[in-house]
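Coordinates in review
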Amino acid sequence: MSSHYTDYWIERGDRMHPTPEDLFKRNIEWATQKTNEDTEFFSKLANIQTPKYLWIGCADSRVPANEIVGMQPGELFVHRNIANVVPHSDTNCLSVIQYAVEVLQVEHICVTGHYNCGGVRAALDDKGLGPIDNWLAHIKQVLEKHYDEVMAIEDIDVRVDRLCELNVVEQARNVASTPIVQKAWRKGQNLTIHGWIYGLKDGHLRDLKVDFSSADAVHPAFKINSDADLR
């Protein structure tokens, strides 16, 4: 953290935390820095956004999407939730995917998890946590599918990390099976789904080699072959 931010922080316990007022001061500093570097930075952003990537990631505060891949505002369209889940019934996530694919015409959708994910760890536990259990059930379905492999891992941290990887794979497959993505492929749109994972301990992004770029990746149970909706 740059030293000029330190004056805006107050000490609470053993950590330094900015106040809400500090965030506005830091915003002014950031905006000033950007305009000093490029006087047209914000005017160009205000006109139109043309990102080629949709990032579906975890809401974890330690995983800032743009910073991880060195992208500026306007270059990455982002959707985040607990444990980067893509449920078939989540209209929030599906609306983001539809806008990204049909309006922004993104070329890449990156489902990006991270190791030591709290949501994944919670899904491995048998304690009831309240309403969030309904969300964690999506991860538990991944666990159910790969139960023997995951539970055979004795080290709990390694077990969590393996489920984090498997969750990315399954959620990337969920994206590929959406009617939105299948429609784009039927129209010949250039679109690839990727599965990536981020390491909190080293800051490195890892490619899980999960890439879907055609309907061949879609399970027959989800495949839509009709072009009747193309208009």
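Below you will find a few notes about this structure. Quick caveat, the model's predicted, so the values are computed rather than measured. (Residues numbered from 1 in each chain as written. Predicted model: local features only at pLDDT ≥ 70, side-chain atom pairs only at ≥ 80, totals over all residues. Heavy atoms only, no water.)

Concerning the pattern of salt bridges
Rules: By convention in these notes, a salt bridge is any Lys or Arg side-chain nitrogen within 4 Å of a carboxyl oxygen on Asp or Glu. Secondary structure elements follow DSSP: runs of H or I no shorter than four residues count as helices, runs of E no shorter than two count as strands, and numbering proceeds from the N terminus. Burial here depends on accessible area, computed with a 1.4 Å probe over protein chains only, as a share of the maximum for the residue type. Under 20% is buried, over 50% is exposed, and the range in between is partly exposed.
The full count for this structure, using the stated rule, is nine salt bridges. For E165, the salt bridge identified is with R162, shortest N-O distance 2.9 Å. Of the two residues, E165 and R162 both sit in helix α9 (residues 156-176), three residues apart, roughly one turn of that helix. Using a relative accessible area of 17% as the deciding quantity, one classes E165 as buried. When its relative accessible area of 27% is taken as the criterion, R162 is described as partly exposed. Here R206 makes a salt bridge to D202, at a shortest N to O gap of 2.4 Å. Within the structure, one salt-bridge network assembled from shared partners comprises K145, E170 and R173.

Description of the packing of helix α7 (residues 132-145) against α9
Where we set the bar: In this analysis, axes come from line fits to C-alpha atoms, helices being fitted only over the stretch in contact, and the angle between any two N-to-C directions falls in the range 0 to 180 degrees. For classification purposes, angles smaller than 35 degrees are called roughly parallel, those larger than 145 roughly antiparallel, those between 65 and 115 roughly perpendicular, and all remaining angles oblique. In what follows, residue pairs with any heavy atoms lying within 4.5 Å of each other are defined as contacts. Gly is placed with the polar residues, together with every amino acid not listed as nonpolar (Ala, Val, Leu, Ile, Met, Phe, Trp, Tyr, Cys and Pro) or charged (Asp, Glu, Lys and Arg).
Orientation of α7 relative to α9, taken along the N-to-C sense of each, is 105°, at an axis distance of 10 Å. When the axes of α7 and α9 are compared, the pair comes out roughly perpendicular. Across the interface between the two elements, H138, I139, V142, L143 and K145 of α7 pack against L163, L166, N167, E170, Q171 and R173 of α9. For the contact of α7 with α9, the class distribution of residues is five nonpolar, three polar and three charged.

A closer look at unusual backbone geometry
Backbone geometry places Q105, a non-glycine residue, at a positive phi of 55°. With respect to the helices, strands and loops of the structure, Q105 is situated in the loop between α5 (91-103) and β5 (108-114). Residue classification places Q105 among the partly exposed residues on the basis of a relative accessible area of 37%. Of note in this structure, K209 is not a glycine but carries a positive phi near 60°. Among the secondary structure elements, K209 is positioned in strand β7 (residues 205-212).

Brief notes about the sheet that holds strand β4 (residues 76-81)
Defined as follows: If DSSP finds at least two bridges between two strands, the strands pair.
In space, the five strands of this open sheet follow the order β4-β3-β5-β6-β7, with mixed pairing throughout. Because the sheet does not close on itself, it has two edges, and the strands there are β4 and β7. Across the sheet, the mean angle from the axis of one strand to that of its neighbour is 20°, orientation sign disregarded. Against the sheet, α5 touches β3 (53-58), β4 and β5, its axis set at about 170° to β4.

Remarks on the side chain of T112
Along the chain, T112 turns up in strand β5. What makes T112 buried here is its relative accessible area of 1%. The residues touching T112, leaving out its near neighbours within four places in the chain, are W55, I56, G57, C58, N84, W196 and L205.

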